[in-house]
Amino acid sequence: MYQLIKQIIKTGIKTESPPLPDEALRVDAQRLQEEILHVFGSALNIRHVDAGSCNGCELEIHAVTNAYYNIKGLGIKFVASPRHADMLLVTGPVSRHMATALKRTFDATPEPKLVVAIGDCACDGGIFCSNDGSPDGGSESYASCGKVSNVIPVDVMVSGCPPTPTAILQGILTAISAQK
Amino acid sequence: MPINNPNVHLTKLSGAIPAWSGVIKPDDLQPTCQSVSDGGGRLVALWGSDEREQNKGFALHVALVNEKGLICLNVPLPNDLPSYPDISQIFPVANRMQRAAYDLLGIYAHEGHDHRKWLRHAAWHGGSFPLRKDFDAAKSRTEESDAYPFVQVEGQGVHEIAVGPVHAGIIEPGHFRFSVVGEKTLRLEERLGYTHKGIEKRFESMNLQQGAKLAGRVSGDSTVAYAWAYAMAAESIAAVTPPDRALWLRALFLERERIANHLGDLGYLGNDVALSFGFAQFWILKEQLLRNNAALFGHRYLMDKIVPGGVAVALSESDKQTLLEECAMLERDVRLLRGIYDEHAGVQDRFIGAGRIAPKLAAQLGLCGLAGRASSQAWDARVQFPCAPYDKLDVQMATYRNGDVAARVIVRFDELFESLRLQREILANLVHDDILSAPLEKLPAHGFGIGMIEGWRGEVLVAIHTDAQGKLTRVHPHDPSWQNWPALEHAVIGNIVPDFPLINKSFNLSYSGQDL
């Protein structure tokens, strides 16, 4: 126990200051009223849904919870059920096998709710989604519905392969900040 | 020759690892598999291909491994009746691979006992096969629902708990069906395939360089292992050897991937037994390593840094010092944290005895990778088939025999220290040279090549077939999770349901890697 406490004291506080919201990440006009966002801004529950990713984005979502980014310190936490969630954080091109589960998760999340699409695949289908030989992808395939907004409405998109923890945090903070 | 059988004629493939390939008749498949199994060998991968355009019907491909190396069997199958003898009686891990081969290509194992679908849910109907060259995506759509016959456990007080595909944590999707009495698990049945996004079909419309990027995204946590295995397969077909410096850098990347994942897992294993201190500490270390990756190589997970022919990024002399300092820091801190884990009664109480797979069962199931080594299965491609530069590194394999969560933790710690030692050796051997890559633009026609790399989770295999123009006509990436997912079903028997997350984490298998 002595070693454990000594290590905690020696480690100190690693948390860095969070990024500022970026209006460029916002997809649609604000779906939620400012007053609600004000409330979300001080305590937010997120349900993560992997809709078919390669698990690269999951690595970075995990990293957002480490001591450097310390998302919990901002009053934001990941919850186990969509019933408890204010926001869905969705990764991956939406595989056809996950489309129903994603829609049901969205429907199970109480209003008002926000959706943030994480990663290139969630934003535009990414590398997986085209069988026509075009290098940029983007369309659908026999196994993939492509981008998240093909299946459920999206408020904010964060690109990157995978996006950095700072970019993910910025996307989340943009979604809950009132539009300028 | 790796096997002595007068009916099997093998030719050696060029490339970085000892591998042979040969065509055999369907009737010779079972005896050949049996003799490899009797000699202590294992099944690594099984896949099919559509070669009707070359007037060759379909083909089944089976990759076996024994102490000599990889043996790739090509079994031609007729157009009208593409069936082959079941090998899941010899290698139980073949079961899901055979079912997946049917879902994707319509080739099937006769005599098999389990013909349920595996990768197919409801995205395409059962009469269409995505990896056939004449597959029409539009006509394959179906409105049928996804019914799957789970095995039912009956008896007084038995009930089922259905979990997923959307799980409670930040993890990939899959469905688990527990049959329990009270808190005790009688049976777990997995249903995977939720993240099936058509990776293998996607390869067929890509050129060599695009394919390298896709290979690096089969399972994001193993991007280096996949990119290297893919490059190794391409280099084997083209008979190209990457420059020395590129090979040393690849090994550096692979060991850094192993260190990063082991740090992350050790943190989460602490977290799963309510020691959040462990998560906080290990993830500080992991973050520092990822930041060094970003600063020195331009990507936190080193995606796209291995390319066919070589590597895409170098390491300057001055940056070596950063990595040596990181090594020293990690060695010091991980040693201290290991002491804390070892002496923490609460942690050890949860770790020891949980999710045990005895060595004998592990051998039957063909358990591989780090989970296999925690159950006495002494397989590590870096040791048995050391491709350059591992032939100069003398990797020390970490094995343990208890096969429980504690053993998988011990193997992770041991491998982490070994990887840090290897990283120092690699840095010492990394000579300066401006050439990072050998030219490799296009592959020869009708080629077949294979690459196998010991990733952090286990052996990652990539097979490449080219057509008459030298284009990718079939690429099969194989994740070690195919081998280890079925073993998880055994590991949880008799454990309480609340220990499942801990046991699952101690394996930490890939969904995306097996769903393809």
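Residues numbered from 1 in each chain as written. Chains lettered and ligands numbered in written order. Predicted model: local features only at pLDDT ≥ 70, side-chain atom pairs only at ≥ 80, totals over all residues. Heavy atoms only, no water.

### Things to note about the pairing of strand β3 (residues 87-91) of chain A
Residue and element names in this part refer to chain A. Operational definition: Here's how the labels work: a residue is buried when its accessible area is under 20% of the maximum for its type, exposed when over 50%, partly exposed in between, all with a 1.4 Å probe on protein chains only. Elements are defined by DSSP. Helices are runs of H or I of four residues or more, strands are runs of E of two residues or more, and each kind is numbered from the N terminus. For two strands to count as paired, DSSP must find a minimum of two bridges between them. With the strands pointing away from the viewer, any crossover whose connection runs clockwise from the first strand over the helix to the second is right-handed.
With five of five residues buried, β3 lies mostly within the body of the structure. Residues Met87, Leu89 and Thr91 point to one face of β3 and Leu88 and Val90 to the other, with burial holding for every one of them. Both strand β1 (residues 44-50) and β3 contribute to a ladder of five bridges, which runs parallel. Paired with Asp50 across the bridge in β3 is Thr91. When β3 meets strand β4 (residues 114-118), the two strands line up parallel, connected through five bridges. The residue of β4 that forms the bridge with Leu89 is Val116. Between β3 and its parallel partner β4, the chain crosses via helix α4 (residues 96-108), and the hand of that crossover is right-handed.

### Section: the interface of chain B and chain A
To keep things clear, this is the line we draw: In what follows, a contact means two residues having at least one pair of non-hydrogen atoms within 4.5 Å. Take a side-chain nitrogen of Lys or Arg and a carboxyl oxygen of Asp or Glu: if they are within 4 Å of each other, that pair is a salt bridge. Contacts described as polar in this section are N or O atom pairs within 3.5 Å, which, within protein, must combine one atom able to donate a hydrogen with one able to accept it, while residues neighboring in sequence count only if both atoms come from side chains.
In this complex, chain B contributes 61 residues to the contact, which on the side of chain A involves 54 residues. At the boundary of chain B with chain A, the tally comes to two salt bridges. For the salt bridge of A:Glu60 with B:Arg300, the shortest nitrogen-to-oxygen distance reads 2.5 Å. Counting across the chain B and chain A interface gives 28 residue pairs in polar contact (both at pLDDT 80 or more). Among the elements that make up the side of chain B that touches chain A, the one with the highest residue count is helix α8 (residues 276-297) of chain B (nine residues).

### Comments concerning the domain arrangement of chain B
Residue and element names in this part refer to chain B. Our working definition: Those domain boundaries reflect an automatic or database domain assignment. Residues are grouped as follows: Ala, Val, Leu, Ile, Met, Phe, Trp, Tyr, Cys and Pro are nonpolar; Asp, Glu, Lys and Arg are charged; every other residue, Gly included, is polar.
Assigned domains of chain B: these are domain 1 (11-140), domain 2 (158-191) and domain 3 (242-441 + 483-515). Run the count over domain 2 and domain 3 and you get zero salt bridges. Across the domain 2-domain 3 interface, the total number found is six residue pairs in polar contact (both at pLDDT 80 or more). Taken together, the elements giving at least two residues each to the side of domain 2 that touches domain 3 come down to β9 (175-181) and β10 (184-191). Here the side of domain 2 that touches domain 3 gets six residues from one element, more than from any other, and that element is β10. For the side of domain 2 that touches domain 3, the per-class residue count stands at eight nonpolar, three polar and five charged.

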